[in-house]
Amino acid sequence: MMSYQRINNISGWIIFLIASAVYIFTIEPVASFWDCAEFIASAYKLQVPHPAGAPMFLLIGRMFSMFASSDVESVGFAVNLVSALSSGFTILFMYWSINLLSHKIMNIKVGEANTAQMIKIFAAGAIGSLAFTFSDSFWWSAVEAEVYAMSSFLIALVFWAMLKWDLIEDESAENRWLILIAYIIGISIGVHLLNIVALPALGLIYYFKKYKKVTFKGIFFALLISSAILIVIWQFIILGVPNLIGKFEIFFINSIGLPFGSGALIFGLLLIGGLSYGIYYAIKNDKVTLHTFLLAFTFILIGYSSYFIVLIRSNYNPPIDQNNPENVMTLLSYLNRDQYGSRPLIHGQYFDAEVVSQDRGDAVYSKGEEEYEITDYKITTQHDPKRTTIFPRMYSNAPGHAEEYRRWTGLRQNERPNFADNIKFLFRYQLGHMYFRYLMWNFAGRESDIEGAGWKTMFQDTSEMPEVMKENKARNNFYMLPFILGLIGIFFHYKKDLKGFSVVGLFFFLTGIALILYLNSPATEPRERDYIYAGSYYAFAFWIGFGVLAVASLLERAIKNPKVAGAVAGVICLIVPGIMASEGWDDHDRSERYFSVDAARNYLASCEPNAILFTGGDNDTFPLWFVQEVEGFRTDVRVIVLSYFNTDWYINQMRQNAYDSEPLPITLSEEQVAQGGKNDYLPYMENAGIKGAIPIDRYLSLIRSNNKSLEVPTSVGSYNMLPSRQLSLKVDSAHVRGLGIIPDDKADMMVDRMVWNVKGNGLEKKDLMILDIMNENNWERPIYFNTTSLNGIKMDLRKYVVQEGLTYRLLPIERDDVQSEFVNTEVMYNNLMNDFHFTNTADPDVYYNENYRNFFLNHRSVYTALAKSLVAEGDEKRALEVIEFIREKVPNEVVPYDMTALDYIQIYLATGNEEKANEVMNILWEQNFEQFQYLVNNDLIYMGRERQISFAILSQIVQIMRQYGMNEKAVEYQDQLRVLYERM
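The present account deals with the structure reproduced in this document. Nothing here was measured: the structure is a model prediction, and the numbers come from that model.

## Re the sheet that holds strand β17 (residues 801-803)
On the basis of which strands lie adjacent, the open sheet formed by 5 strands has the order β8-β7-β16-β18-β17 and mixed pairing. Each edge of the open sheet carries a strand with a single partner, namely β8 (638-641) and β17. Here the strands of the sheet are splayed against their neighbours by 30° on average, with no regard to which way each runs. As defined by bridge partners, β17 adjoins strand β18 (residues 808-810) across 3 bridges and the pair is classed as antiparallel. Counted as the bridge partner of Gln803 is Tyr808 from β18.

## Describing the sheet that holds strand β14 (residues 753-757)
With mixed pairing, the 3 strands of this open sheet are ordered in space as β10-β13-β14. Of all the strands in the sheet, just β10 (694-695) and β14 have a single pairing partner and so form its edges. Both β10 and strand β13 (residues 726-730) contribute to a ladder of 2 bridges, which runs parallel. Residue pairing for β13: Ile694 is matched across the bridge by Leu727.

## Digging into the side chain of Asp166
Inspection of the secondary structure assignment puts Asp166 in helix α7 (residues 147-167). Given the relative accessible area of 15%, Asp166 is considered buried.

## Digging into the pairing of β13
In the sheet, β13 pairs with β14 via 5 bridges, with the strands oriented antiparallel. Residue pairing in the sheet places Lys730 in a bridge with Arg753 of β14.

## Details of a negative patch on the surface
Taken together, the side chains of Glu369, Glu370, Glu371 and Glu373 present a region of like negative charge at the surface. Checked against the element boundaries, Glu373 lands in strand β3 (residues 372-383).

## Overview of the packing of helix α4 (residues 75-105) against α7
Orientation of α4 relative to α7, taken along the N-to-C sense of each, is 25°, at an axis distance of 8 Å. As the angle between them shows, α4 and α7 are arranged roughly parallel. Helix-helix and strand crossings are classified by hand; for α4 and α7 the assignment is left-handed. Here Val82, Ser83, Ser86, Ser87, Phe89, Thr90, Phe93, Trp96, Ser97, Leu100, Leu101 and Lys104 of α4 lie close against α7, whose contacting residues are Ala149, Met150, Ser152, Phe153, Ala156, Leu157, Phe159, Trp160, Leu163, Lys164, Asp166 and Leu167. For the contact of α4 with α7, a count of residues per class yields 15 nonpolar, 6 polar and 3 charged.

## Observations concerning the pattern of salt bridges
Per the counting criterion, the structure on display carries 38 salt bridges. The residue Asp136 makes a salt bridge to Arg446 at a minimum N-O spacing of 3.0 Å. Placement of Asp136 in helix α6 (residues 136-142) and of Arg446 in strand β5 (residues 445-446) is noted, with a sequence separation of 310 residues between them. Residues Asp136 and Arg446 agree in their burial class; the two are buried. With a shortest N-O distance of 3.3 Å, Lys868 and Asp903 are connected by a salt bridge.

## Brief notes about the packing of aromatic side chains
Across all of its chains, the model carries 73 aromatic pairs by this definition. Between Phe93 and Trp160 the ring centres are 5.0 Å apart and the planes differ by 55°, which places this aromatic pair in the tilted class. Taken together, the residues span a long stretch of sequence, with Phe93 in helix α4 and Trp160 in helix α7 at a distance of 67 residues. For the pair formed by Phe93 and Trp160, the shared burial category is buried. Three or more aromatic residues joined by ring pairs form one cluster here, namely Phe33, Phe595, Phe836, Phe838, Tyr848, Tyr852, Phe855, Phe856, Tyr863 and Phe885. Its end group placed over the ring of Trp441, Arg446 keeps NZ or CZ at 3.5 Å from the ring centre.

Rules used throughout
- Residues numbered from 1 in each chain as written.
- Predicted model: local features only at pLDDT ≥ 70, side-chain atom pairs only at ≥ 80, totals over all residues.
- Heavy atoms only, no water.
- Pairing = 2+ DSSP bridges.
- Helix = DSSP H or I, 4+ residues; strand = E, 2+ residues; numbered from the N terminus.
- Axes fitted to C-alpha atoms, helices over the stretch in contact; angles between N-to-C directions.
- Buried < 20%, exposed > 50% of the residue type's maximum accessible area, 1.4 Å probe, protein only.
- Patch = residues over 30% accessible without salt bridge, like charges linked within 9 Å, V, L, I, M, F, W, Y side chains within 5 Å.
- Areas by Shrake-Rupley, 256 points an atom, 1.4 Å probe, with all protein chains shown as cover.
- Salt bridge = Lys/Arg side-chain N within 4 Å of Asp/Glu carboxyl O.
- Lys, Arg positive; Asp, Glu negative; His and termini not counted.
- Charge placed at Lys NZ, Arg CZ, Asp CG, Glu CD.
- Parallel < 35°, antiparallel > 145°, perpendicular 65-115°, else oblique.
- Left-handed = near helix turned anticlockwise from the far one by under 90°.
- Contact = heavy atoms within 4.5 Å.
- Nonpolar A, V, L, I, M, F, W, Y, C, P; charged D, E, K, R; others polar.
- Phe/Tyr/Trp six-rings, centres within 6.5 Å; stacked < 30°, edge-to-face > 60°.
- Lys NZ or Arg CZ within 6 Å of the ring centre and 35° of its normal.

Put into structure tokens, the structure is as follows:
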């Protein structure tokens, strides 16, 4: 008979192979949306992504990308593989950890279990780890190049290492394991900071081993000391070391006059010397505890040293160089995540509190010619003290947040929140919506992939549910079996091993509820945040494993044979990971999904050579970086992220070459775009005395010359103002005609002067930079906006943009009707029909979640815009080709028809294709009437937008019927719709 250890090792690697195979089979072959594309592009060339950079993840990703060799199209898969294998190792160490804790529950030493006990232990480990394998959030992170999979692996490794340490009796061996754990924690800092959150739970393991007599006082001090270690790592290593280096730099450069870098070098020598002497002293005087502590501290620093890669690579000025952390001061800001701001935790304002003062805070230093210079100050804001509270939860006054706070707490308009409302928001939104809902997604089921979707109850009646909702592949029903088995495991664990229960329970709390309290999420998020709490789901999966032990213990009462009882319990409980795998496979299988990268190519293919393209959010930017940086596609296009264009570091990067793209034509100096300067925000001043539009060349000339007439003094400095709500640009008509950029059919719309309005109360720095580029470019390089960026600028340029694909080109041609399509039909037809990519998009087996579906809707809309323009020009043949093309590439079976399908109907009817119009109309009516009917009868708050869209589509169909003389059918449909509308 094989020993326990041999079986444990073999079975663990089998579990690893199963999990890894699952993730590799379902992995996305290219870059996913959100941060994944940025991480892959950054890893491939070791560039600098958004703070805090994850340098260790990038280094490993770079190593994996080498396996792709010259096949750049495989780089995405190679870097995604880092997450797949990291997740497989997470499951391996989780399996071994469950097995170790199961010994404590059964009160036996490791290696001394009999056959019956081993059956139960291995069944518990397998069921618990496989349940986590197929949990929604963990599986999601396992198949894309994000940091959360590797972070989970390091957490699982540290937790397993601490359990192994618990078994060791030799003190020197114990200390070596503690140093190993410290090194892993140091490495994890270069991936994600979640690892250090678990330290108090590890502190309990240490206390329970070292102190046989457990007391409340002892537990309190164990948690206090381990929490102090967490604070030391966070405040004195992660943030403290860079802060000290910064202070050394400023002192030795500004006060002593030494060269740049001297302060950092001196600090490094002092740190190394101090640690070396301390370790020597501890060895010499037999100070074992001190020696272990100093070595652990040293190894954390060694792991943390991966951040040198950020500094090194930033100094090479790569195309992706976020925040430009190329010296000590900028690196400090990068590590501190200064760009994300802060949130009140212990004491702060309500969202309706008025600002009473703004004062200068700490100085912000930048590298000058000979010393570090103060270029800005952090602003400290003081709010009305009568509208502040302890433990603030509803603090944000960002646009739209007040309405959401009121919606979640039931506050009426203008009603002031109180502390009870504060706590209501905590429980209803932060704990209920942003944590418990996610927990149940993972272990009970999920209603759909629509943002805000609830968790799936056991036996929900679906008889009246529309097919479009039933067939949502993310609609998973686990019949609450994983959750119930986990609850059984919680009670069993508590009863059998209170110490172990407190460790897992604390781990569960720290990586879940404690994170919720610390992150203090506002009332809206750009996407679902379930992946943040994967550590908490990891802990819950332990209890699923222990639930197997509870079932086996129960079965032993009926089945007197312990071996058979354990085996039967394992077989019965195998249904839990089985149903999770079965339900979750279709919505986690990304193996044939390429559209994120296709969409990026299509954006770039919409642009003329040497173009300037403004983008908005992550999803319409990062994939573009991926195809340019990794695949080398359309590197002549300079992609400008609008939100970054408010920062000096990004503006200055745009002054450099990037592959085939020349520097942007920027004339404002580095001093004039510096953060904290006069041009961060330029408010409109009504009393400036300017009538009509101000020419932007004149306005920019005043700014370049630092003209005092624009300055407005304040208590914390001064800023430039905007003297008019209208701006203008003179057009050299002869020059523009010579460039040949005006479409022939729009030549008579060309203007010699463009005039547009400013939106809101002023311009941001990004708008000023766009003005500078427009003025200096003189139409030499094509300038494009996507939808997000066109809506995001503070200037209304819509009457001067022409659609050429997914992008809008700025041209000196003016139209009056900005609501209708304004299309360069010849250019757009060639782009859409010849240059756009649609890889595998017609396959109904490929799953596209809500983000992907929205990008498909964008694509459909540009095809219908082109088709309508062709119809208006009398080119019905090509209009039909366009509609047939997009219907074939993105059929209803893959992405259900939306508002754009109304245009399909209109185009078919306008070109005499009534049969096809009726086909689309019937599909669209059936899908939306069924959905609208269900949503009227069932109050699903998160589906409110879908209900409005369905009603709008149905109403439009009735109007189209009347427009084309289908009066009898229109009356019938109108009556059906009225009945439902009256019940709303």
